[in-house]
Amino acid sequence: MVLKKVVGQKIMKEVVRSNAKADGRPGTEWRILIVDKLAMRIVSACTKMHEISAEGITLVEDIYKKREPLPSIEAVYLITPSEDSIRLLMRDFEKPSKPTYKAAHVFFTEAVPDELFDILSKGPVVKFMKACKELNLAFIAYEAQVFSLDSPDTFQYAYSPARVSERGSHMERIAEQIATLCVNLGEYPSIRYRRDWDGNVELAQMVQQKLDAYKADEPTMGEGPEKARSQLLILDRGFDCVSPLLHELTLQAMAYDLLPIVNDVYKFTPSKNAAEKEVLLDENDELWVALRHQHIAEVLKSVRGYLKSITESKKMRQSEQQTMKDLSLMIKTMPQYQKQLSMYSTHLNLAEDCMNSYNGYVEKLYPVEQDLAMGTDVEGERIRDHMRNISPILLDQNVSNYDKVRIMALYVMIRNGISEENLTKLIKHAQIDQKERDMIYNLTHLGINVIADDNHNNTYTVPRKERENSYKSRWTPVIKDIMEDAINNTLDERHFPFLGGKRMAEGHAPTGSARFGNWQKEKAGVKNLPRLIVFVVGGCSYSEIRCAYEVTAALKNWEVYIGSSHILTPKTFLNDLGLLNKE
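Residues numbered from 1 in each chain as written. Predicted model: local features only at pLDDT ≥ 70, side-chain atom pairs only at ≥ 80, totals over all residues. Heavy atoms only, no water.

## Side note on the overall build of the chain
As a reminder, the rule being used: Per the convention used, a helix needs a DSSP run of H or I reaching at least four residues, while a strand needs a run of E reaching at least two, with both numbered from the N terminus. Contacts between residues were defined by any pair of non-hydrogen atoms, one from each residue, lying within 4.5 Å. For accessible areas, the Shrake-Rupley method is used with a probe of radius 1.4 Å. Any residue's cover is judged against the shown protein chains and nothing else.
When you go through the chain residue by residue, the secondary structure sums to 20 helices and 15 strands. Contacts spanning at least 24 positions in sequence make up 79% of the contacts within the chain whose residues lie at least 6 apart. If you sum the accessible surface of the chain, you get close to 26,600 Å²; carbon and sulfur atoms cover 50% of it.

## Let's talk about the pairing of strand 6 (residues 140-143)
Applicable threshold: Here, any two strands with at least 2 DSSP bridges between them count as paired.
One ladder, built from three bridges, connects strand 6 with strand 7 (residues 146-148); its direction is antiparallel. Paired with Ile140 across the bridge in strand 7 is Ser148.

## Details of the side chain of Thr47
Secondary-structure assignment places Thr47 in the loop between helix 2 (37-46) and helix 3 (49-54). In this view, Thr47 contacts Gly8, Ile11, Met12 and Ile52; residues no more than four positions away in its chain are not counted.

## Topic: the sheet that holds strand 2 (residues 57-62)
As a reminder, the rule being used: Here an axis means a line fitted to C-alpha atoms, over the contact stretch when the element is a helix, while the angle between two N-to-C directions is reported on a 0 to 180 degree scale.
Read from one edge of the open sheet, five strands run 2-1-3-4-5, paired in parallel fashion. Single-partner strands in this sheet number two, and they are strand 2 and strand 5 (129-134). Direction aside, neighbouring strands of the sheet carry axes that sit 20° apart on average. Of the strands in this sheet, strand 1 (31-35), strand 2, strand 3 (70-79), strand 4 (101-108) and strand 5 touch helix 1 (residues 3-16), which is tilted by about 120° from strand 1.

## Some points on the packing of aromatic side chains
Put simply, the rule reads: For this analysis, a ring pair means two rings from Phe, Tyr or Trp (six-membered ring only for Trp) whose centres lie within 6.5 Å, classed as stacked if their planes differ by under 30 degrees, edge-to-face if by over 60, and tilted for the remaining angles. For every residue, the accessible area (1.4 Å probe, protein chains only) is compared with the maximum for its type, and the residue is labelled buried under 20%, exposed over 50%, or partly exposed between those bounds.
Enumeration over the complete set of coordinates arrives at 12 aromatic pairs. Arranged with centres 6.5 Å apart and planes meeting at 55°, the rings of Phe93 and Tyr101 form a pair that is tilted. Given the relative accessible area of 0%, Phe93 is considered buried. Between Tyr306 and Tyr344, the aromatic rings sit 5.4 Å apart at their centres with planes inclined by 20°, giving stacked as the arrangement.

## Quick word on the packing of helix 14 (residues 387-395) against helix 15 (residues 401-414)
Heads up, the condition is: Any angle that falls under 35 degrees is termed roughly parallel, while one over 145 is termed roughly antiparallel, one within 65 to 115 roughly perpendicular, and all others oblique. Note on convention: the crossing is left-handed when the near helix lies turned anticlockwise from the far helix by less than a right angle, right-handed when the turn is clockwise. The nonpolar class holds Ala, Val, Leu, Ile, Met, Phe, Trp, Tyr, Cys and Pro. Asp, Glu, Lys and Arg form the charged class, and all remaining residues, Gly among them, are polar.
Orientation of helix 14 relative to helix 15, taken along the N-to-C sense of each, is 155°, at an axis distance of 10 Å. The orientation of helix 14 with respect to helix 15, classified from their angle, is roughly antiparallel. Both helix 14 and helix 15 take part in a crossing whose hand is left-handed. Across the interface between the two elements, Met387, Ile390, Ile393 and Leu394 of helix 14 pack against Lys404, Ile407, Met408 and Tyr411 of helix 15. Split into classes, the residues belonging to the contact of helix 14 with helix 15 amount to seven nonpolar, no polar and one charged.

## Some details on the confidence of the model for the chain
Test applied: Every residue is assigned a pLDDT by the predictor, reflecting its confidence on a scale from 0 to 100.
Averaged over all residues, the pLDDT of the chain is 87; the fraction at 70 or higher stands at 87%. Low confidence marks residues 21-27, where pLDDT is under 50. Its contacts with residues over four positions away, or in another chain, come to eight contacts.

## A word on the packing of helix 7 (residues 164-184) against helix 8 (residues 198-217)
In contact at an axis separation of 8 Å, helix 7 and helix 8 are set at 50° when each is read in the N-to-C sense. In terms of orientation, helix 7 lies oblique with respect to helix 8. The element helix 7 and its partner helix 8 pack so that their crossing is right-handed. Facing helix 7, whose interface residues are Arg167, Gly168, Met171, Glu172, Ile174, Ala175, Glu176, Ile178, Ala179, Thr180, Cys182 and Val183, helix 8 presents Gly199, Glu202, Leu203, Met206, Val207, Lys210, Leu211 and Tyr214. In terms of residue class, the contact of helix 7 with helix 8 is built from 12 nonpolar, three polar and five charged.

## Digging into the nonpolar core
The condition is simple: Nonpolar cores were defined as sets of buried Ala, Val, Leu, Ile, Met, Phe, Trp, Tyr and Cys residues, with membership established by side-chain atoms within 4.5 Å.
One finds Leu203 and Met483 to be the most contacted residues of the largest nonpolar core, which totals 157 residues. The leading source of residues in this core is helix 13 (residues 338-374), at 14 residues. Not counting residues within four places of it along the chain, the set of residues in contact with Met483 comprises Leu532, Val534, Glu544, Cys547, Ala548, Val551, Val560 and Ile562. Counting residues in each nonpolar core, the second largest holds 22 residues, with Ile79, Ile86, Leu89 and Val125 among its members.

## Quick word on helix 4 (residues 83-91)
Buried within helix 4 are the following residues: Ser85, Ile86, Leu88, Leu89 and Met90. Tucked inside the fold, the buried residues of helix 4 contact strand 3, strand 4 and helix 5 (114-121).

## With respect to the sheet that holds strand 9 (residues 231-236)
Ordered in space as 6-7-14-12-9-8, the six strands form an open sheet in which the pairing is mixed. A strand with exactly one partner marks an edge of an open sheet, and here the two such strands are strand 6 and strand 8 (190-193). Each adjacent strand pair in this sheet contributes to an overall mean axis angle of 25°, direction not counted. One ladder, built from six bridges, connects strand 9 with strand 12 (residues 531-537); its direction is parallel. Across the sheet, residue Leu232 finds its bridge partner in strand 12, namely Ile533. On the sheet, helix 7 packs against strand 7, strand 9 and strand 12 and is oriented at approximately 160° with respect to strand 12.

Following this line, the structure appears as structure tokens:
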């Protein structure tokens with residue numbers, strides 16, 4: 001998958017090496033790189049500091065923070081074309097006799113609005129600008145097949161009645177970000193959307209307009225016999241509110257749900273008297289990539305198997321059940337294998353931390369959640385009385401309020417809404433507060449029937465496939481069925497129509513122009529396979545992310561990419577719900 005590679009190459013070639021000499025060597029002068037929040041995340045996701053330093057970047061600074069003037073050094077700006085970022089750029093050069101930097105090479109993540117471009121062009125900064133370019137790179141390549149727009153507030157703009165007046169302008173912004181993703185993948189896809197939420201068709205139309213403008217500038221975008229089949233599918237979060245709430249037993253989803261992982265950093269103490277370690281869970285760690293979608297039982301088995309193979313090959317004696325104490329001793333006695341063993345130590349810790357949480361309290365919640373999600377028991381028999389399993393959990397003082405809300409929300413959804421009286425009783429039993437009540441009631445803003453009445457809406461539900469899942473996991477995220485059906489051309493077109501009512505005609509090339517010339521010349525490493533790009537408005541979960549990899553691996557002749565405004569954990573999803581409808 002080329003997403004991170006394409007983005008990394010583009011940053012290095014067009015930004016970091018922007019003042020390379022004619023013979024291709026980097027400029028002799030040191031420069032500093034100045035970024036805003038989104039740009040920093042784009043850069044850090046796909047490049048390493050040592051790579052940037054090797055090209056003459058001596059420092060990376062935040063445009064929003066107070067910075068030391070360096071008038072003898074040139075600055076490279078990679079910023080979002082927002083009013084704040086442009087104002088701060090201009091402020092660095094507002095006194096021509098005392099500029100903060102010697103010169104400015106300015107790169108915008110995406111197209112600059114005309115009104116902001118006019119303001120910029122009239123300021124004294126223009127005299128110091130050696131470059132001004134729109135990169136069309138307004139997304140984060142989070143993983144090989146996953147992108148994020150780094151926009152968690154999209155959830156509120158999309159679904160809160162209090163933000164309806166601001167929705168249009170916000171959707172315009174994320175449409176541009178989605179379009180830049182397609183541009184960088186070299187795609188001009190047919191666009192489909194879920195009909196049940198009006199915002200989807202609005203967003204689809206905006207994305208189409210943006211793509212048409214890019215296509216006019218680069219007519220070869222999306223060309224090729226296979227590329228004509230590529231699709232962009234836009235979904236709202238209401239299509240499946242079950243998957244983001246369930247406890248998971250695959251490593252990545254489980255870890256981000258149960259452990260305090262912040263900004264992908266996992267903290268742990270390897271042994272009793274050892275110092276705390278911090279590890280970044282990203283794709284530079286090959287073991288993480290190999291294990292992240294495995295069931296937790298398989299992870300423990302795999303890591304212990306890796307350790308056994310190392311110790312046996314090094315003629316080390318060890319027990320079948322490797323303990324952390326044993327592992328610490330091995331690291332000390334085998335310093336030459338410290339890096340390798342330390343990596344295994346990290347993932348053994350991670351898996352054991354997950355298992356400790358599971359055995360502590362998730363074990364009793366998990367089967368009840370699976371029953372609620374499926375509507376059937378392990379034997380496949382329909383469950384007539386869910387309350388028999390739910391009541392003990394709601395009355396249990398050791399179960400957190402978040403977990404009680406998860407169970408109650410799942411119950412409301414399996415019943416397609418319950419009476420106000422019954423919901424009040426559940427809330428009273430669970431002893432949850434107003435904020436947590438709102439998490440349940442606010443599901444209604446996502447099109448979920450919370451309170452049953454004669455007028456409740458009957459939204460279309462995707463037909464579920466029979467699957468044989470290993471271990472105790474019976475639920476498969478709805479998105480996996482949707483992905484497979486979209487690729488197999490069996491997705492119901494009444495409920496997931498193509499924009500304009502039919503597939504885009506091959507070779508459709510609108511006319512138009514772009515301010516800074518052609519961008520999509522670079523196609524290195526891009527395979528000529530059709531792609532399904534799925535975008536979820538308002539967050540996607542780690543279990544849904546896993547589905548993109550599973551479908552790609554199973555089909556082989558398609559690539560599936562998944563992205564959203566942001567990545568969800570069950571807790572962030574509930575917090576987002578709790579804030580809906582607030583002024």
